[in-house]
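# Report on the structure
Chain by chain, the residues:
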Protein chains: 2
Amino acid sequence: MATEVDTEITHLKNQLAQRHLKLTRQREIVLDAFLKNDHITAEALYQQIAKTNAHLGLATIYRTLNLLCELGIGQERHFGDNKTTFDNVLHKKHHDHLICYKCGKIVEFECSEIEKLQEEMADKHGFILQNHKLELYGYCKDIENCEKSITTPTPAVGVPTS
Amino acid sequence: MATEVDTEITHLKNQLAQRHLKLTRQREIVLDAFLKNDHITAEALYQQIAKTNAHLGLATIYRTLNLLCELGIGQERHFGDNKTTFDNVLHKKHHDHLICYKCGKIVEFECSEIEKLQEEMADKHGFILQNHKLELYGYCKDIENCEKSITTPTPAVGVPTS
DNA sequence: ATGATATTGATAATGAAAATCAAAGTCGAA
DNA sequence: TTCGACTTTGATTTTCATTATCAATATCAT
């Protein structure tokens, strides 16, 4: 069954082999859990994995997440709070984020036109584009379902007092 | 003379007054130094200010930079390394960044078409757009002037071993 | 000028992420 | 399959950027 994950495992295995690194049980577990979560922190992944696989060290989580980033499977994000979140970028196409300052909601979107313009800008400035991060910050129009702050709201940047 | 800075000081003063905050000598000094630098870290700003104004505490730098962000004068950035950099966004129009993985060079650019598409995307997803961050990562085409790594290179995300 | 309130500075505290290192696991070659 | 060189893990400590603390000081509306 788990074809999705198997594909990733194979990919990971190949990537590791290329670099003379080893496929360990821990790396499989972390990859598996990582693929099931979006914008997750190392600590949160640690907690989650701990439920079924006791004693997979936090250090290993950090190491593996960094490894996944180096292999192009994951990407680091900083959404205003002080914790780094990790995001799967391999099988989901380049996707960008909308973040609500008030309730912390994160919506993903894609825009091929923007992607295209990014390529143009990189080219124009003498860069070979490999990757990008686009984050749009603002507020939900639907105030009803927003008001209740989920997380500590990021201080509104560039927003006049009103 | 220093009209540029004076304008900012006035702006800052107004913003502070609105919030019942006070315009202190330290805040003026930090604002002044901040406006003369791009992508600067709190620590670097501290060092720089120390040359002419001894004993302006590091904590004050942090506090003031965070304040400037809240007032919409500055914006935090995370360019791969572990230090937060601060960026002036008030009088320079929204500008985005190209970052070279190898040499760490940062180039600023503007693209009104992208900005426009961003507005559209936000609107489409029920967001009122306030702000954005766009970072393009890649490599300099001009390898000659790139090779020498200035800073610790960020591990290449999403780049296959080649 | 005064006093209520905000700010500073020096330092300690916090906490996310990285470093350490002995013990254990992985995997290619024999 | 076994061996052994090499990598990884886990538990912990360490690092260090950023924040909190709090007494002393500065600001500003009145």
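The residue count restarts for each chain, going from 1 along the sequence in the order it is written. All chains are assigned letters beginning at A, and all ligands numbers beginning at 1, according to the order in which they are written. With the structure being a predicted model, the display of local features is reserved for residues of pLDDT at least 70 and the display and counting of side-chain atom pairs for 80 or more, all residues being used for whole-chain, interface and lining totals. To obtain the side-chain values, all non-hydrogen atoms of the structure were used and water was disregarded.

### Remarks on the interface of chain A and chain B
Spelled out, the test is: By definition in these notes, contact holds between two residues if any of their heavy atoms fall within 4.5 Å. When two parts are put together, the accessible area they lose, computed with a 1.4 Å probe and summed over both, is reported as buried area. Any Lys or Arg side-chain nitrogen located within 4 Å of an Asp or Glu carboxyl oxygen qualifies as a salt bridge. Nitrogen and oxygen atoms within 3.5 Å of one another constitute a polar contact, given that in protein one can donate a hydrogen and the other can accept it, and given that sequence-neighbouring residues count only through two side-chain atoms. Under the DSSP-based scheme used, a helix requires at least four consecutive residues in state H or I and a strand at least two consecutive residues in state E, with every element numbered from the N terminus. When residue character is reported, Ala, Val, Leu, Ile, Met, Phe, Trp, Tyr, Cys and Pro are called nonpolar, Asp, Glu, Lys and Arg charged, and the others, Gly included, polar.
Every contact between the two is made by 48 residues of chain A and, on the other side, 48 residues of chain B. At the boundary of chain A with chain B, total buried surface from both sides reaches about 4300 Å², with 64% on carbon and sulfur atoms. Our count for the contact surface shared by chain A and chain B stands at two salt bridges. For A:Lys141, the salt bridge goes to B:Asp123, with nearest N and O atoms at 2.7 Å. Joining chain A to chain B, the criterion identifies 13 residue pairs in polar contact (both at pLDDT 80 or more). Every element with two or more residues in the side of chain A that touches chain B is listed here: helix H4 (58-70), strand E2 (74-77), strand E4 (96-100), strand E5 (106-109), helix H5 (112-124) and strand E6 (127-140) of chain A. Here the element with the most residues in the side of chain A that touches chain B is E6(A); it accounts for 14 residues. Counted by class, the side of chain A that touches chain B contains 24 nonpolar, 14 polar and ten charged residues.

### Re the protein's contact with DNA strand C
Rule in force here: Summary of the distance rule: residues count as near a molecule or strand when at least one heavy atom falls within 4 Å of that molecule or strand.
Neighbouring residues of DNA strand C: 20 residues in total, closest A:Tyr62, A:Thr84, B:Lys22, B:Arg27 and B:Arg63. Take the atoms of DNA strand C that sit within 4 Å of the protein: sugar and phosphate atoms are 73% of them. Within the contact set of DNA strand C, a phosphate oxygen lies 2.6 Å away from a side-chain nitrogen or oxygen of A:Tyr62. B:Gln26 places a polar side-chain atom, nitrogen or oxygen, 2.9 Å from a sugar or linking oxygen of DNA strand C. Listing elements by their share of the surface near DNA strand C, those giving two or more residues are H4 of chain A together with helix H2 (25-35) and helix H4 (58-70) of chain B. Per element, the largest residue contribution to the surface near DNA strand C is four residues, and it comes from H4(A). Residues that form the surface near DNA strand C fall into these classes: six nonpolar, eight polar and six charged.

### Here's the deal with the sheet that holds strand E3 (residues 85-88) of chain A
Residue and element names in this part refer to chain A. Threshold: Any two strands are treated as partners once DSSP identifies two or more bridges connecting them. Working convention: axes come from line fits to C-alpha atoms, limited for helices to the stretch in contact. Angles between N-to-C directions cover 0 to 180 degrees.
Overall, antiparallel pairing links the three strands, which are arranged E1-E3-E2 in an open sheet. Strands at the two margins of the open sheet, each flanked by one partner only, are strand E1 (40-41) and E2. Of the strand pairs in this sheet, E2 and E3 are connected by four bridges, and their pairing is antiparallel. For Arg77, the partnering residue across the bridge sits in E3 and is Thr85. Together, E2 and E3 form the strand contacts of H4, whose direction differs from that of E2 by roughly 110°.

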